[in-house]
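# Fold and geometry: a report
What follows is each chain in one-letter form.
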Amino acid sequence: MKYLTGKPGWLLLLALGLAFPFFAKNDYHLTVMSTAYIFALATLGLNLITGYTGQFNLAHSGFMAVGAYTVGILTVDYQVPFWIAFALSGVVAAFLGIFIGLVSLRLKGHYFSIFTMCVGYIMFLVIEKWESLTHGTVGIIGIPAPTGFGSFTFDTPRSLYYLVFFFLVLGTWVMHRIATSLLGRTFVAIRNSDNLAEALGIDLMRNKLLAFLLSVFYAGLAGGLYAGFVRFLGPGIAGIEHTFDMTMYMLIGGLGTLLGPLLGALSVPWLTQYLQFLQEYRFIVFGPILVLLVIFVPHGIVGTSKGWRARREAGAIAPTPEPALAAKTQPEAGRA
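Residues numbered from 1 in each chain as written. Predicted model: local features only at pLDDT ≥ 70, side-chain atom pairs only at ≥ 80, totals over all residues. Heavy atoms only, no water.

## Describing the side chain of serine 104
Threshold: Under the DSSP-based scheme used, a helix requires at least four consecutive residues in state H or I and a strand at least two consecutive residues in state E, with every element numbered from the N terminus. Two N or O atoms form a polar contact when they lie within 3.5 Å of each other; inside protein one atom must be a possible hydrogen donor and the other a possible acceptor, and for residues adjacent in sequence the pair counts only when both atoms belong to side chains. Residues count as neighbours in contact if any of their non-hydrogen atoms are within 4.5 Å of one another.
Position of serine 104 relative to the elements: it lies in helix H4 (residues 82-104). A distance of 2.8 Å separates the side chain of serine 104 from the backbone oxygen of isoleucine 100, its partner in a polar contact. Apart from residues no more than four positions distant in its own chain, serine 104 is found in contact with Phe112, Phe115 and Thr116.

## As for H4
Quick note on the threshold: Residue count minus one, scaled by 1.5 Å, sets the expected span of a helix. Using a 1.4 Å probe on the protein chains alone, a residue whose accessible area is under 20% of its type maximum counts as buried, one over 50% counts as exposed, and one in between counts as partly exposed.
A rise of 1.5 Å per residue sets the reference length of H4, with its 23 residues, at 33 Å; its end C-alpha atoms lie 32 Å apart and thus fit the reference within 8%. Considered for burial, the residues of H4 that qualify are Phe82, Ala85, Phe86, Ser89, Gly90, Ala93, Ala94, Gly97, Ile100, Gly101 and Ser104. Against the buried residues of H4 lie helix H3 (60-77), helix H5 (110-129), helix H7 (157-179) and helix H10 (204-230).

## Section: the pattern of salt bridges
Heads up, the condition is: We count a salt bridge whenever a side-chain nitrogen from Lys or Arg sits within 4 Å of a carboxyl oxygen from Asp or Glu.
Across all of its chains, the model carries three salt bridges by this definition. Lysine 208 is the salt-bridge partner of aspartate 194, the closest N and O atoms lying 3.1 Å from each other. Of this pair, aspartate 194 sits in helix H9 (residues 194-199) while lysine 208 sits in helix H10, placing them 14 residues apart in sequence. The two residues aspartate 194 and lysine 208 agree in class, both being buried.

## Observations concerning unusual backbone geometry
Phi at glutamine 79 takes a positive value of approximately 50 degrees, unusual for a residue other than glycine. On the secondary structure map, glutamine 79 appears in the loop between H3 and H4. When its relative accessible area of 59% is taken as the criterion, glutamine 79 is described as exposed. Residue arginine 231 is not a glycine yet carries a positive backbone phi of 70 degrees. With respect to the secondary-structure elements, arginine 231 resides in the loop between H10 and strand E2 (232-233). Judged by its relative accessible area of 40%, arginine 231 is partly exposed.

## Things to note about empty space enclosed by the protein
As a reminder of what qualifies: We place a 1 Å grid over just the protein atoms. Points where a 1.4 Å probe fits but has no way out form a cavity, open points with protein on both sides within 12 Å along at least 5 of 7 lines form a pocket, and any residue with an atom within 4 Å of a point lines it. Grid points are joined across faces, edges and corners, and a volume is the space filled by probe spheres set on the points.
Throughout the structure, instances matching the rule amount to two cavities of 30 Å³ or more. Considered as a void within the structure, the second largest cavity measures approximately 30 Å³ in volume. If you trace the second largest cavity, you find it lined by Phe82, Pro146, Leu160, Leu163, Val164, Leu225, Gly228 and Phe229. Where the lining of the second largest cavity is concerned, the elements lending two or more residues are H7 and H10.

## Overview of the packing of aromatic side chains
What counts, and what does not: Stacked, tilted and edge-to-face pairs are distinguished by plane angle, under 30 degrees for stacked and over 60 for edge-to-face with tilted covering the rest, among Phe, Tyr and Trp rings (Trp via its six-membered ring) whose centres lie within 6.5 Å. The rule for a charge over a ring is simple: NZ of Lys or CZ of Arg within 6 Å of the ring centre, and within 35 degrees of the ring normal.
In the structure shown here, the tally under the stated rule is 18 aromatic pairs. Both rings, one in phenylalanine 20 and one in tyrosine 161, keep their centres 5.8 Å apart while their planes meet at 25 degrees; by these two values the pair is stacked. Taken as a pair, phenylalanine 20 in helix H1 (residues 7-23) and tyrosine 161 in helix H7 lie far apart in primary sequence, 141 residues in all. Grouped by ring-pair contacts, the aromatic residues Phe20, Tyr37, Tyr161, Tyr162, Phe165 and Trp270 constitute a single cluster. Its end group placed over the ring of phenylalanine 22, arginine 158 keeps NZ or CZ at 4.9 Å from the ring centre.

By themselves, these are just geometric observations and shouldn't be taken as functional.
Okay, structure coming up:
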């Protein structure tokens, strides 16, 4: 894990991602991995507001649905070119996030989570009932595929795979820049203690709102990619179960880390594929696994590995007691 989280590890992951289509057995495997990449991009956004800032947003899948339906409605009903609609998917999600964030971020802890859960359910109901705009339960059919550039088109599973992979790499790089900047350290300070951060002169509301907007912007872009990849939308994409899935990815990989959510988002879908015969008992299987992870690996795979390494390095450099001091304290201990 030490080498995986360093620069060589990131280059190795990049190489594996580029080489995956040459080792995939069929187009179905490319589809599974591409879908995992899309949800990994959305999970990066959720990790920013939850793992780095300490606010658990349960409406995240609702914002992903906003981005997806932005692409679907604009391209199907108004014949807007895909890339313009895709650019607007993140913008529309962030614009809606301004109003929701201004209200919800005044709450703390589980009150914020409960409020956003209600907001997410309202988003689901709006998508399901507003038939004139969202096509209701029928959904949006016939969403056009992303248009190509010159001779390079996105009409095959392999080309779509590389398109989604490109946006995941770009999103990961941008998130790395945010997390390692002064802004990222500001978010971590807010997560650790609101009062201490405010005493240091940090504007809590402004920074929480900024983290919230960046988070839902990622969700909107992931939703836009999902619409162009799947080319069909239904109200189910706004279901809160998708937010819980992304939360599981973060818990398995490690909250507040960059690599953790990626590992969780890429490993769990494949584990699910190989356990399809247990699909009806999914929650019975994954429930105890999550409980065991929370008990024995509370910081996820990456977070726990970093903690072990930090304690080991701290023990290696711990100063040994001076001989004179040890000799002086031994008689006192004997007399006691």
